[in-house]
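# Overview (structure and organization)
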Amino acid sequence: MSYSQRLYPWAVVRLLPKMQRVVVGRFRNRSDAEGHMQALKRLMPDGKFIIVFDIGQEIEEGSEENRE
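Residues numbered from 1 in each chain as written. Predicted model: local features only at pLDDT ≥ 70, side-chain atom pairs only at ≥ 80, totals over all residues. Heavy atoms only, no water.

## What about helix H2 (residues 30-43)?
This is how the line gets drawn: A run of DSSP states H or I qualifies as a helix once it reaches four residues; a run of E qualifies as a strand once it reaches two. Both are numbered from the N-terminal end. A helix's residues, less one, multiplied by 1.5 Å, set its expected span. Remark: exposure states derive from per-residue accessible area (1.4 Å probe, protein chains only) relative to the maximum for the residue type, with buried under 20%, exposed over 50%, and partly exposed in between. This arc corresponds to the set of directions leading from the helix axis out to the C-beta atoms. Note on definitions: a residue-residue contact is assigned when non-hydrogen atoms from the two residues lie within 4.5 Å.
Here H2 is 14 residues long and its end C-alpha atoms lie 20 Å apart, about the 20 Å a rise of 1.5 Å per residue gives. Those residues of H2 lying buried are Ala33, Met37 and Leu40. Seen along its axis, H2 keeps its buried residues to an arc of 60 degrees; they face one direction. Buried residues along H2 sit in contact with strand S1 (10-16), strand S2 (20-27) and strand S3 (48-53).

Structure below.
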């Protein structure tokens, strides 16, 4: 995850069929993300959207073993 993406941890995600998803927008705070999601729901009432907090860290396999 790039530095600019870490500045905007809140993301609005559109849920698509077959477990697919698309990040519609990234925001600095949750209230901005909620406002954007409300506008999207008015424009696309059949669309499914969620808000997520993306910390941008991937979990590595075996990370617990490295700590011991």
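## Focus on the packing of aromatic side chains
Selection criterion: Any Phe, Tyr or Trp ring, taking Trp's six-membered ring, that has another such ring centre within 6.5 Å forms a pair; planes under 30 degrees apart are called stacked, those over 60 apart edge-to-face, and the others tilted.
Following the criterion strictly, the structure yields 1 aromatic pair and no others. Taking 4.8 Å as the distance between ring centres and 65 degrees as the angle between the ring planes, the aromatic pair formed by Trp10 and Phe53 counts as edge-to-face. Here Phe53 lies in strand S3 and Trp10 lies in strand S1, a separation of 43 residues in the sequence. A relative accessible area of 47% places Phe53 in the partly exposed class.

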